[in-house]
Amino acid sequence: MDLTEEEKAMLSGEMGPALQRAMEIIWALGKIYGASGTVLIKSAQISGISYKNIGEAGLDFLKKWALEGAKVQVPAMMNPAGMDLKRWKEMGIPEDFARKQLEVVEALESMGVKPTLTCAPYLTRNRPEFGEHLAWSESSAVIFANSVIGARTNREGGPSALAAAIVGRTACYGFHTEQGRKPACLVEVNCSLKDEADFGALGYLIGKKLGYKTPYIRFRAELPHFNKELLLRAMGAAMAASGSISMFHVEGLTPEAEIFPAEGEEQLTINSLDEAFLALGSPINEVDLIWIGCPHASLEELELIASLVNGRKLSTKLWVTTSREIVAKAGKAVETIEEAGGLVLSDTCLVVAPVEALGIRKVATNSAKAAFYLPSWAKVQVAFASLEECITRYGGLR
Ligand code: F3S
């Protein structure tokens, strides 16, 4: 792996221990994956923010790096934490967890990482541009950035994304290269899809069947008249969860589908989504919580929820998770949802929150990614359905 003089100085420790530690991580990854050199990045998005996931060892690691004087050189953002930093008491988060969670965020802030605390930074002013190199680590954001925007990022781990932010570059391999962006399998989808739950179910199936391979997807039926980006992100988030896919192409829709057309022998045909719905969670009688916002809800989704609950009261707890920026933009919709008894939370998500401590056992969600993770990660029973069905079927609206 070729390094510049500056990179060699970082690696040798000449520029201090914080840069040395960061460059060591980039260099080690580059060696493992056969990188030719490094590439400058425009932004970093860092996962591993929840104290539930990183624990005391992760917190100590961050504090140590901060004490060594680590500072990010490019805009760097945080993935969701284990709680809404302001409304954690309303969530029922235990005080000792909250204290530790705030310490994690403070350690990162002291290095210059912005407390965006969202897995959907592309819905805010942090949307990257086509062709930009990034070091992002949240899997749903990585697949969205690569596939829908045409930016370039590997699926970084939390420490490697932070290391990349500190040195302003990452190792050039995988999705940073032309070769790494080519599809490996043509997927023909013959069934029709009506909403985001169907797209999530499709993503789940593709991830299960292809593992890590990049699909080139051809839809045979007409797509629903809904924001296509949101449908593709539901599909991508699920694909990245059930498999470890970091990019997809969709004929006629994604920006690089024409640059990298389908080629090769491998082909997958999908005629039905039944297998996915069966695996992701059948209807249940009643739930403790309806959760919308995995990935973090868009303005459009908040407005749709508001239109469903407008002027009525929910009998079931509803949490909508999104970013602070979307909450600020969606004033009227947030008000309507909360008047109905829902809670619009920012900074967090149920998968990374200490669910066990919150007494939540049964959840309805429109997210295939959440439906995939919650049973194993949090021992939660899931009913998987569209946003509209989650609210109307499980909300007990009066
Ligand atoms: Fe985001 Fe949490 Fe889902 S980080 S993609 S809301 S699991």
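Residues numbered from 1 in each chain as written. Predicted model: local features only at pLDDT ≥ 70, side-chain atom pairs only at ≥ 80, totals over all residues. Heavy atoms only, no water.

**Quick look at the packing of helix 3 (residues 51–67) against helix 7 (residues 158–167)**
Under the convention used in this document: For helices, the fitted axis covers only the stretch in contact; all axes are lines through C-alpha atoms, and the angles between them, taken along N-to-C directions, range from 0 to 180 degrees. Strands here mean DSSP runs of E at least two residues long; helices mean DSSP runs of H or I at least four residues long; both are numbered from the N terminus. In this scheme, roughly parallel covers angles under 35 degrees and roughly antiparallel covers those over 145, while 65 to 115 is roughly perpendicular and the rest are oblique. Contacts are assigned to residue pairs with any non-hydrogen atoms lying within 4.5 Å of each other. Classification convention: Asp, Glu, Lys, Arg as charged; Ala, Val, Leu, Ile, Met, Phe, Trp, Tyr, Cys, Pro as nonpolar; all other residues, Gly among them, as polar.
Between helix 3 and helix 7, the shortest axis-to-axis distance is 13 Å and the interhelical angle comes to 10°. On the basis of the axis angle, helix 3 is roughly parallel to helix 7. Every residue of helix 7 that contacts helix 3 at Phe61, Leu62 and Trp65 is listed here: Pro159, Leu162, Ala163 and Ile166. Here the residues of the contact of helix 3 with helix 7 are counted per class, giving seven nonpolar, no polar and no charged.

**Thoughts on the packing of aromatic side chains**
What counts, and what does not: Pairing of aromatic rings covers Phe, Tyr and Trp, the last through its six-membered ring, and needs centres within 6.5 Å; plane angles under 30 degrees mean stacked, over 60 mean edge-to-face, and all others mean tilted. Working definition: with a 1.4 Å probe on protein chains only, accessible area under 20% of the residue-type maximum means buried, over 50% means exposed, and in between means partly exposed.
Taken as a whole and assessed by the stated rule, the structure comprises nine aromatic pairs. Judged by centre distance (5.8 Å) and plane angle (55°), the rings of Phe199 and Phe219 are tilted. Of this pair, Phe199 sits in helix 8 (residues 196–210) while Phe219 is found in strand 7 (residues 215–219), placing the two residues 20 residues apart along the sequence. Taking relative accessible area as the criterion, Phe199 reaches 1% and is therefore assigned buried. For Phe219, a relative accessible area of 16% puts it in the buried group. Each ring, one from Tyr373 and one from Trp377, has its centre 4.6 Å from the other, and the planes form 45°; the classification is tilted. In this pair, Tyr373 and Trp377 both sit in helix 14 (residues 368–378), four residues apart, roughly one turn of the helix. Classification of Trp377 by relative accessible area gives partly exposed; the value is 44%. Among the aromatic residues, ring-to-ring pairing joins Tyr204, Phe372, Tyr373 and Trp377 into one connected group.

**Thoughts on the site of the ligand**
To be explicit about the condition: One heavy atom within 4 Å of a molecule or strand is enough for the residue carrying it to be called near that molecule or strand.
Near the ligand you find Pro80, Cys119, Glu138, Ser140, Trp291, Gly293, Cys294, Pro295, Cys349, Val351 and Lys369, and these make up its full shell. Across the shell around the ligand, the residue classes break down as seven nonpolar, two polar and two charged.

**Examining the packing of helix 11 (residues 299–309) against helix 15 (residues 387–394)**
Stated precisely, the cut-off is as follows: A crossing counts as left-handed when the near helix is turned anticlockwise from the far one by less than a right angle, and as right-handed when that turn is clockwise.
At a closest axis distance of 10 Å, the pairing of helix 11 and helix 15 adopts a crossing angle of 25°. Overall, the two elements helix 11 and helix 15 adopt an arrangement that is roughly parallel. When the axes of helix 11 and helix 15 are compared, the crossing they make is right-handed. Across from Glu301, Leu304, Ile305, Leu308 and Val309 in helix 11, the residues of helix 15 making contact are Leu387, Glu388 and Ile391.

**A short note on the nonpolar core**
Put simply, the rule reads: Definition of nonpolar core: a set of buried residues of the types Ala, Val, Leu, Ile, Met, Phe, Trp, Tyr and Cys, connected through side-chain atoms within 4.5 Å.
Counting 143 residues, the largest nonpolar core has Leu162, Ile217, Phe219, Met235, Trp291, Trp319 and Leu374 as its most contacted members. Once residues lying within four places of it in the same chain are set aside, the contact partners of Trp291 are Trp319, Thr321, Cys349, Leu350, Val351, Val363, Ala364, Thr365, Asn366, Ala370 and Leu374.

**A few points about the sheet that holds strand 14 (residues 381–384)**
In a beta sheet, neighbouring strands are held together by backbone hydrogen bonds and run either parallel or antiparallel to one another. Selection rule: A pair of strands is considered paired only if DSSP assigns at least 2 bridges between the two.
On the basis of which strands lie adjacent, the open sheet formed by five strands has the order 12-11-10-13-14 and parallel pairing. With partners counted over all chains shown, the strands left at the sheet margins are strand 12 (343–346) and strand 14, one partner each. Going across the sheet, the axis of each strand differs from the next one's by a mean of 25°, ignoring polarity. In this sheet, strand 12 lies alongside strand 11 (residues 317–322) in parallel orientation, the contact comprising four bridges. The residue bridging Val320 from the neighbouring strand is Val344, located in strand 12.

**A closer look at the pairing of strand 11**
The criterion, for reference: We call a crossover right-handed when, viewed with both strands directed away from the observer, the connection leading from the first strand over the helix to the second proceeds clockwise.
The buried count for strand 11 comes to five of six residues, which makes it a mostly enclosed element. Across four bridges, the pairing between strand 10 (residues 289–292) and strand 11 is parallel. For Ile290, the partnering residue across the bridge sits in strand 11 and is Leu318. Chirality of the crossover, the property in question, places the unit of strand 10, helix 11 and strand 11 among those that are right-handed.

**Overview of helix 11**
To be explicit about the condition: This arc describes the spread of directions from the helix axis toward the C-beta atoms.
Those residues of helix 11 that sit buried are Glu301, Leu302, Ile305, Ala306, Leu308 and Val309. Projected onto a plane normal to the axis of helix 11, the buried residues spread over an arc of 160° and lie on a single side. Positive phi appears at Gly311, one or two residues downstream of helix 11, with a value of about 75°.

**Focus on the sheet that holds strand 3 (residues 76–78)**
The three strands lie next to each other as 3-2-4, forming an open sheet whose pairing is parallel. Lying at the two open borders of the sheet, with one neighbouring strand each, are strand 3 and strand 4 (134–136). Pairs of neighbouring strands in the sheet enclose a mean axial angle of 10°, with direction left out of account. The pairing of strand 2 (residues 43–46) with strand 3 spans three bridges and is classified as parallel. Bridge pairing in strand 3 places Gln45 opposite Met77. Helix-sheet contacts for helix 7 involve strand 2, strand 3 and strand 4, and the interaxial angle to strand 2 is about 150°.

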